[in-house]
Every structure is written in C-alpha cells, then in structure tokens.
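Residues per chain are reported as follows:
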Amino acid sequence: QVQLVESGGGLVQAGGSLTLSCAASGTILNINTMGWYRQAPGKQRELVATISPDDDNANYADSVKGRFTISEDNAKNTVYLVMNILKPEDTAVYYCKLDAWVSALFRRDYWGQGTQVTVSS
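Residues numbered from 1 in each chain as written. Predicted model: local features only at pLDDT ≥ 70, side-chain atom pairs only at ≥ 80, totals over all residues. Heavy atoms only, no water.

Draft legend 1. How the structure looks around the pattern of salt bridges. On inspection of all chains with the given rule, the structure shows 6 salt bridges. For arginine 38, the salt bridge is made with aspartate 90, and the minimal N-O distance between the two is 3.0 Å. Of the two residues, arginine 38 sits in strand 4 (residues 30–39) while aspartate 90 sits in the loop between strand 8 (78–83) and strand 9 (92–101), which places them 52 residues apart along the sequence. Across the salt bridge formed by aspartate 62 and lysine 65, the nearest N and O atoms sit 3.1 Å from each other. For aspartate 62, a relative accessible area of 64% corresponds to the exposed category. Overall, lysine 65 belongs to the partly exposed group, its relative accessible area being 49%. Residues participating in the shared-partner salt-bridge network are Arg38, Glu46, Arg67 and Asp90. (Salt bridge = Lys/Arg side-chain N within 4 Å of Asp/Glu carboxyl O. Helix = DSSP H or I, 4+ residues; strand = E, 2+ residues; numbered from the N terminus. Buried < 20%, exposed > 50% of the residue type's maximum accessible area, 1.4 Å probe, protein only.)

Pasting the structure below:
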C-alpha cells in the first residue's frame, strides 16, 4: 500500500512564498516521476511541475516557470515545491502525484489528498 502525505499549503499574500512537500511511503520499487498538479474551482486539474528522481529532469507549466522550483529527496521519497512570487491565479488545491513501479510487473499512479493554496491580492 502506497500513501502520499502532503503538507505546506496555506494562505499567503500576493508576492509571497510557500513550500509544499509530499512524502511517499509503502512498497515502492522505483519512482518514475513525482510531481504536483493543481485544480482551481471550476477548472480542470493541470500540471504544475514534475521531476524524475533518476536524472533530476524537471518539467514546469509555462505559468509557473521562473517562480516555482521542484526538487526531490531520493532517500526520503519526498518531493518539494517552492513557490515564489505567488499570484492570486495560483490559488488552487495542489495535488501530489507519484508514478512508480510497486512490483516487477505493476506500475501505477498515486495521488495525494490535496492541499489548499490561497493567494490573496
């Protein structure tokens, strides 16, 4: 059983910063990618950033490039998202996603419970 535990959301003023973290636990043989997605009210869930632990290759949505930084700690199976220069349009529920092999033949995606980020103007 794989679980994702997120933390770090909250309320911040525009221009401020927040750091999200997501720790994965359970039987994980190999992580393909970990990342963050977000969903604002009335909108579809969208990719924010992903990272591949094997080579630290990171991918960002255009809307967050230069403001957000994703990183990971392989030893702790944890991914972080440092969010700077936050804007009201960054307000959303942020979800952690894990793409991993959990057995020799079984690869699947896991989602965290979500953490609210609210940016006031």
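Draft legend 2. Highlighting the state of the cysteines. Under the counting rule described, the total for this entry stands at 1 disulfide. Two residues, cysteine 22 and cysteine 96, share a disulfide whose sulfurs are 2.1 Å apart. Every disulfide takes its handedness from the sign of the S-S torsion; for cysteine 22 and cysteine 96 that torsion is -80°, giving left-handed. Of this pair, cysteine 22 sits in strand 3 (residues 18–25) while cysteine 96 is found in strand 9, placing the two residues 74 residues apart along the sequence. This pair shows no difference in class: cysteine 22 is buried, exactly as cysteine 96 is. (Disulfide = S-S within 2.5 Å.)

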